[in-house]
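Geometric and topological summary
The primary structure of each chain is shown beneath.
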Amino acid sequence: MTQDDLKRAVAAAALEDIDSLLTPDAVIGVGTGSTANQFIDLLAARRQDFRGAVASSEATAERLTAHGIDVLELNHVGTVPVYVDGADEIDSQLRMIKGGGAALTREKIVAACAERFVCIADASKFVETLGGFPLPVEVIPMARSYVAREMVKLGITPVYRDGVLTDNGNRILDGFDRLFEQPETMEAQLDALVGVVTNGLFAKRPADVLLLGDAQGVKRLTR
């Protein structure tokens, strides 16, 4: 199976996993990225079964709208029964690194408001220790240099993601050369830096369910 085949398989499994939550009043949280896009494309066939969706990025909102799915503001919804999104890396405790698509802040907000977080990923994203994938840190533009210096003190090599502006009007520093044995601690340390909006460690709020696709099929892991 190709990687695209695996993405389609886990997206289909996610739709089956959340079937009971697709009710006329339900608003579904939807993530960002290539695997989430596969889920959106399948979700479109069920658009009459639920009220609408909360999007974690402008790109996701556009794709949902193109499929005829109503996009609602999270402030008007409050909580969502489920949030479905991919990951750049995920470990056995379902802690993740996210933000390769620069949508980490909105992804983290929607995840915080979700009663259940379903992560969909192919087996290449499953790791023993987080940190092989560069860790995105969203920063206020004027704080970029300061935050970069502080990241170095934490043993992380920061690289400015040139030309990228987040949906929130901020910049991204990608952190290299550091594995995260205690991701909860590092998540808190980075978020405490003045000028950091948030970072791509999803350890304090990990996924509740992981649908992991490999050549043998889709495995369902829970915390």
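Everything below is about the structure shown above.
The written sequence of each chain sets the order in which its residues are numbered from 1. Local features in this predicted model are restricted to residues of pLDDT 70 or higher, and side-chain atom pairs are both shown and tallied only at a pLDDT of 80 or more, whereas totals for entire chains, interfaces and linings draw on every residue. Values reported for side chains reflect all heavy atoms of the structure, with hydrogen atoms and water molecules removed beforehand.

1. Some details on the packing of helix α1 (residues 3-17) against helix α2 (residues 34-43)
Threshold: The convention used is that axes are lines fitted to C-alpha atoms, helices contributing only their stretch in contact, and that angles between N-to-C directions extend from 0 to 180 degrees. Only DSSP runs of H or I reaching four residues or more are called helices, and only runs of E reaching two or more are called strands; each is numbered from the N terminus. Roughly parallel refers to an angle under 35 degrees, roughly antiparallel to one over 145, roughly perpendicular to one between 65 and 115, and oblique to any angle outside these ranges. The sense of a crossing depends on the near helix, which, turned anticlockwise from the far helix by less than a right angle, makes the crossing left-handed and, turned clockwise, makes it right-handed. What makes two residues a contact is simply this: any of their non-hydrogen atoms within 4.5 Å. In this count, Pro and Cys sit with the nonpolar residues alongside Ala, Val, Leu, Ile, Met, Phe, Trp and Tyr, while Asp, Glu, Lys and Arg are called charged and the others, Gly among them, polar.
Interhelical geometry of α1 versus α2 gives an angle of 50° and a closest axis separation of 8 Å. Taken together, the axes of α1 and α2 lie oblique to each other. Crossing geometry of α1 relative to α2 is assigned as right-handed. Contact residues: Asp4, Lys7, Arg8, Val10, Ala11, Ala12, Ala14 and Leu15 in α1; Ser34, Thr35, Gln38, Phe39, Leu42 and Leu43 in α2. Considering only residue class, the contact of α1 with α2 consists of 8 nonpolar, 3 polar and 3 charged.

2. Comments concerning the sheet that holds strand β10 (residues 196-199)
Inclusion rule: Pairs of strands are assigned from DSSP output, requiring at least two bridges between the strands.
Pairing within the open sheet is antiparallel, and its 4 strands lie in the order β8-β9-β7-β10. Where the open sheet ends on each side, the last strands, each with one partner, are β8 (157-160) and β10. Shown here is a sheet whose adjacent strand axes are inclined to one another by a mean of 30°, direction ignored. The pairing of strand β7 (residues 135-139) with strand β9 (residues 171-176) spans 5 bridges and is antiparallel. Following the sheet pairing, Glu138 is matched in β9 by Ile172. Packing against the sheet, helix α5 (residues 104-112) makes contact with β7, β9 and β10, and its axis sits at approximately 70° to β10.

3. Thoughts on a nonpolar patch on the surface
This is how the line gets drawn: The patches reported here contain residues having more than 30% relative accessible area and no salt bridge. Joining distances are 9 Å for like charges and 5 Å for nonpolar side chains (Val, Leu, Ile, Met, Phe, Trp, Tyr). Per-residue and other accessible areas follow the Shrake-Rupley method at a 1.4 Å probe size, with only the shown protein chains counted as cover for residues. By salt bridge we mean one thing: a side-chain nitrogen of Lys or Arg within 4 Å of a carboxyl oxygen of Asp or Glu. In this scheme, a residue with accessible area under 20% of its type's maximum is buried, one over 50% is exposed, and one in between is partly exposed, where area comes from a 1.4 Å probe on protein chains only.
Judged by side-chain polarity, Ile140, Met142 and Val197 come together as a nonpolar surface patch covering roughly 300 Å² of accessible area. Looking at the element boundaries, Val197 is found in strand β10. In this structure Val197 comes out as partly exposed when scored by relative accessible area, which is 33%.

4. Some details on the packing of α2 against helix α3 (residues 58-66)
For the pair α2 and α3, interaxial distance at closest approach is 9 Å and the crossing angle is 20°. What the angle tells us is that α2 and α3 run roughly parallel. Every pair of crossing elements has a handedness; the one defined by α2 and α3 is right-handed. Here α2 contributes Asn37, Ile40 and Asp41 to the contact with α3, which in turn contributes Thr60, Arg63 and Leu64. A per-class count over the contact of α2 with α3 returns 2 nonpolar, 2 polar and 2 charged.

Purely spatial values, then, with no claim about function.
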